[in-house]
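Notes for the structure review
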Amino acid sequence: MKTAVDIVVQRLPHAGDLPLPAYQSAGAAGMDIAAALSKDEVLTIGPGERALVPSGFAMAMPEGYEGQMRPRSGLALKQGVTVLNSPGTIDADYRGEVRVLLVNLGAERVEIRRGDRIAQLVIQPVAQARLSESRELEQSLRGSGGFGSTGTGG
């Protein structure tokens, strides 16, 4: 069963001819995001470099939701480009242009042009925690075991 949430989107002036975020298949979890670079601009990201790429839209999500900016698997596999702070969080009260922080983890320079699909946006419900301070915590079977404590690894 699909759950839908209504989100108001504002197309910004520099993105008039670009598609708004859109699902590319009926079962897709994420909407593809296009680069809203200027018409003749080519953004080159060298190995190890990062770039903040405009999307050309802003949005108003309802309270209790967030947008998660995630990498596109093909771009990551074929060119080594991913979303640096993945998933990047877009808070429900943010109203500025959505931008994507890309990093090139590959060995070759990558060129991004206007309209290139650079990331995907997943909308998720969120809960805000109410913290209560305590002098000690209830014990668990795991206890304070950290990284790698529940198995032997690879």
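Residues numbered from 1 in each chain as written. Predicted model: local features only at pLDDT ≥ 70, side-chain atom pairs only at ≥ 80, totals over all residues. Heavy atoms only, no water.

**A word on the side chain of Thr 82**
Stated precisely, the cut-off is as follows: Elements are defined by DSSP. Helices are runs of H or I of four residues or more, strands are runs of E of two residues or more, and each kind is numbered from the N terminus. The contact criterion used throughout is that any non-hydrogen atoms of two residues lie within 4.5 Å.
Assignment of secondary structure puts Thr 82 in strand β7 (residues 81-83). With residues up to four places along the chain from it excluded, the contact list for Thr 82 reads Pro 71, Leu 101, Leu 102, Val 103 and Leu 105.

**Describing the sheet that holds β7**
Here is the rule: By the convention used here, strands pair only if DSSP detects at least 2 bridges between them. Convention adopted: a line fitted to C-alpha atoms gives each axis, helices being fitted over their contacting stretch, and angles between N-to-C directions are expressed from 0 to 180 degrees.
Ordered by their spatial adjacency, three strands build an open sheet running β4-β9-β7, and the pairing between neighbours is antiparallel. Two strands bound the open sheet, and with one partner strand each, they are β4 (50-54) and β7. Strand after strand, the sheet turns through a mean of 35° between neighbouring axes, direction not considered. Pairing analysis gives five bridges linking β4 to strand β9 (residues 99-104), with the strands arranged antiparallel. Pairing of Leu 52 across the sheet is with Leu 101, part of β9.

Functional significance is not addressed by these values, which are geometric in nature.
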